Structures are given as C-alpha cells and as structure tokens.
Amino acid sequence: MAMNQSRAVLLRVSLTVVALCIAGYIVGPPLYWHFVEGLAGVKHSSSACAPCICDCSSQPLLTIPQGLSNTSFGDCAKPDPEVSGDTEKNFAELLTEELKLRENQAVENQQHADMALLEAKKIASQYQKEADKCNSGMETCEEAREKAELALVAQKKLTALWELRARQKGWKEGLAKSHTHSQGKVQSA
C-alpha cells in the first residue's frame, strides 16, 4: 500500500514538472523579449548617447535604368473607364457564353436521357412480348396436359370395362401371357 502511495506521489510530481516545463516553453519567450525590451529602454534613458552620424549617400545601391522603370504606380490604382467598360462587356460576354454552353450541355444530356428512356421502353416491350408468348405457351401446355389426363382416365375406364367383360367370358391374365409367348414362338419358327 505504501508502494502505491509513493507511486502516486511520484506520478503527481512528474506531471507537475512536465506541466511547468510546457508552460515555461509557451510563456517564456514572450516574457523574455518583453523583459529585454524593458531593460533596453531603461538603459537608453539612463545614459545620454549621442545620435549616430550616418554618412549614407542618397543614391540607392541598385539603380534601375530609366527606360525600364515604371513610374506610373499611382496610375495603377485609378480606375480607367474605358478598360472597366471593356472588362464589364467581356465579363458579360463570358457569362453569356458560359450560360449558353451549360444550356447546350443540358439539352444534350436531356436528349441522351430521352434516347436511353426510349431504348429501355423498347427493351421492356420486347421482354413483355416474350413473357406473353411464354405465358400463352404455358397455358396451351397446361390445357393439353389436362386433356391428356382426361383422355388417360377415360382410356383406363375403357380398359377396365373391356378387362371386366373378358374375365366374365373366362379370360385369365396368366393364360394370355403364355398364349402370347407361344404365338411369338410360332411366328418366329
């Protein structure tokens, strides 16, 4: 338990040191320069220093030739009515042209969408026709199957009736098979 308390104290102390270092890093440089400027002000006010004498020539170190220099800097800020009128006309023309281009693009996109819609309708119509053919064929097949089932039932009834009559006249199923076999042997011989 004492070990945990010592770790907690050590952690608090280290976090406090880190926080002070960060605060000094952030606040330190501005305070330093402020302090240095204050000391410099006190230093200059206390000692009477003679003003510096500079022997600087009035000519700049680098001169631009007269033909290349542009002395009309003041004219740059003044609006020129002729230029501004042309600029407004050009701007209006550019806007008009941009609007026409967008309108043409929109018309082209609409035509493309209309063509795609017509193509989709055409394909849907073809699929509907195929589905109708398939349904019609299914109905025909279903009707034919039902008719075949009815015919099979009728044929079974007829067969049962004939079999009943044959039994009444003395026909036996085992004799008919052996009789059919013996006729097949006679015909092959």
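Predicted model only: the values in this text are computed from it and were never measured. (Residues numbered from 1 in each chain as written. Predicted model: local features only at pLDDT ≥ 70, side-chain atom pairs only at ≥ 80, totals over all residues. Heavy atoms only, no water.)

Quick notes on the packing of aromatic side chains
Scanning the model with the defined rule gives 1 aromatic pair in all. Between the NZ or CZ atom of arginine 165 and the centre of the ring of tryptophan 162, over which it lies, the distance is 5.3 Å. (Phe/Tyr/Trp six-rings, centres within 6.5 Å; stacked < 30°, edge-to-face > 60°. Lys NZ or Arg CZ within 6 Å of the ring centre and 35° of its normal.)

Considerations on the confidence of the model for the protein
Summing up the model confidence of the protein, the mean pLDDT is 81 and the portion of residues at 70 or higher is 67%. By mean pLDDT, the top-scoring element of the protein is helix H3 (residues 81-168) (91), and the lowest-scoring one is helix H2 (residues 73-77) (53). (pLDDT = per-residue confidence, 0-100. Helix = DSSP H or I, 4+ residues; strand = E, 2+ residues; numbered from the N terminus.)

Notes on a nonpolar patch on the surface
Together, Val18, Ile22, Tyr25, Ile26, Val27 and Leu31 line one region of the surface with nonpolar side chains, adding up to about 640 Å² of accessible area. One can find valine 18 in helix H1 (residues 2-46). Judged by its relative accessible area of 44%, valine 18 falls in the partly exposed class. (Patch = residues over 30% accessible without salt bridge, like charges linked within 9 Å, V, L, I, M, F, W, Y side chains within 5 Å. Areas by Shrake-Rupley, 256 points an atom, 1.4 Å probe, with all protein chains shown as cover. Salt bridge = Lys/Arg side-chain N within 4 Å of Asp/Glu carboxyl O. Buried < 20%, exposed > 50% of the residue type's maximum accessible area, 1.4 Å probe, protein only.)

Considering the pattern of salt bridges
In total, this model carries 5 salt bridges according to the counting rule given. Residue arginine 102 pairs with glutamate 98 through a salt bridge whose shortest N-O separation is 2.9 Å. Of this pair, arginine 102 and glutamate 98 both sit in helix H3, separated by 4 residues, roughly a single helical turn. In this structure, the salt-bridge partner of arginine 145 is glutamate 149, at a minimum N-O distance of 2.4 Å.

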